[in-house]
Amino acid sequence: MTSNDVAALGPRLPSPVRELTDERFERRGVRLLLKRDDLIHPALVGNKWRKLAPNLTAAAGRTVLTFGGAWSNHLRATAAAGRLLGLSTVGVVRGHELAGRPLNDSLARCAADGMRLHFTDRSAYRRKTEPEILTALMAAAGAPEAYVVPEGGSNAAAVRGCRALGQELDGYADVVAVACGTGGTLAGLAAGLGAGQRALGVPVLKGGFLDGDVRRLQERAFGGPRGTWSLDDRFHFGGYARVPDELDAFAADFERRHGLPVERLYVAKTLYALLTLTEEGAFPRGTTLAAVITGRPFPEPAFPEHRFPEHP
Ligand SMILES: *Cc1c(COP(=O)(O)O)cnc(C)c1O
């Protein structure tokens, strides 16, 4: 298989949209839909499919080099794509101190999928978009000619790929909520929504820098601002990968109520934000909300798959 066969991986697109029955939303006269991007592909999960597919085509068989932290969903998706498409992949991992230590489950999965891992110190990692640093990193990783995908996968091609997410939701919901890491998914989603729809981004990192990032991503992908979107910075729960007990309990309760595996780092924060806003009266009665289920828990929950059938 070559890199031009991305479509042959059989993505489930458009991804399913399912309505939930949840009394906490019903009480406020609000409908809640789930946009099940987690069901697009078993290995290239969620928004990672939408962002990677155009880049894998653009790579045209070259080695794909990309970046991530030790638990990066993006690195795992890229590694899986490499295995499925017969592409070689290199993951530049933040944290030189991880070299020579046993790999965590996420990096072990990357390695098992054939990704070559190159650990780098945090200062070089931070400066990886500077041309000389990038060139040096590529050389050090043994892939000077690689097709480079930025951290989190959010380049212009990826943002344009995420426009389809919005287009698939045209006519379904008034407000579409999505978790934001780099903001690439939000930038594309907003561009794809129809008139009268708006996107709500829920940043999972602390810092409040995302507004400018999303603007810049839209500028690069589309040449200017697109669609209606906003951010609510109140739901990062302390920052990236922070999952305090309150959030974990909320997610576990949501799983019990709805039989949906709730990924904690992004999806749980999105659902929590939507419930909080609903209870604050932010949405008039008659509003339809959609939550983008951008991913699945990793490692997969220990209980059998049949506990979590596709939502009916
Ligand atoms: C990567 C990821 C996101 C963030 O996407 P961005 O485009 O970087 O904002 C959201 N949810 C999940 C589950 C992810 O893995």
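Keep in mind the model is a prediction, meaning the values are calculated, not measured.

**Q** I tried to follow the environment of Arg31 on my own but got confused; where do I start?
**A** Tracing the backbone shows Arg31 in strand E2 (residues 31-35). With relative accessibility at 39%, the residue Arg31 sits in the partly exposed group. Sequence-wise, Arg31 and Leu98 are 67 residues apart; in three dimensions their C-alpha atoms are separated by 45 Å. The contacts of Arg31, once residues within four sequence positions are left out, are Glu19, Thr287, Thr288 and Leu289. Within polar-contact distance, the side chain of Arg31 engages the side chain of Glu19 at 2.8 Å.

**Q** Explain helix H8 (residues 184-192) to me, please; I cannot follow it from the model alone.
**A** Quick reminder: α-helices carry 3.6 residues per turn. Residues three or four places apart thus point the same way. Burial runs high along H8: 8 of the 9 residues are buried. Of the residues making up H8, those classed as buried are Gly184, Thr185, Leu186, Ala187, Gly188, Leu189, Ala190 and Gly192.

**Q** Please clarify how the nonpolar core should be interpreted in this entry.
**A** In summary, soluble globular proteins display a tendency toward joint burial of nonpolar side chains. If you look at the biggest cluster of nonpolar residues, it comprises 29 residues, and the most contacted ones within it are Leu32, Phe254, Val262, Leu271, Leu274 and Leu289. Among the elements of the structure, E2, strand E7 (175-180), strand E8 (198-203), helix H10 (245-258), helix H11 (267-279) and strand E10 (288-292) are those that each provide at least two residues to this core. Grouped together as the second largest cluster of nonpolar side chains are 23 residues, Leu165, Val178, Leu210 and Ala290 included.

**Q** Even after reading the chapter, I still don't get helix H6 (residues 131-140), so can you show me in this structure?
**A** Along H6, the residues that are buried comprise Ile133, Leu137 and Met138. Taken end-on, H6 shows its buried residues confined to a sector of 130°, consistent with a single buried face. Exposed side chains of H6 directed beyond 90 degrees from the buried face belong to Pro131, Glu132 and Thr135.

Calculation notes
- Residues numbered from 1 in each chain as written.
- Predicted model: local features only at pLDDT ≥ 70, side-chain atom pairs only at ≥ 80, totals over all residues.
- Heavy atoms only, no water.
- Helix = DSSP H or I, 4+ residues; strand = E, 2+ residues; numbered from the N terminus.
- Buried < 20%, exposed > 50% of the residue type's maximum accessible area, 1.4 Å probe, protein only.
- Contact = heavy atoms within 4.5 Å.
- Polar contact = N/O pair within 3.5 Å; in protein donor to acceptor, adjacent residues only side chain to side chain.
- Core = buried A, V, L, I, M, F, W, Y, C linked by side-chain atoms within 4.5 Å.
- Arc of directions from axis to C-beta.

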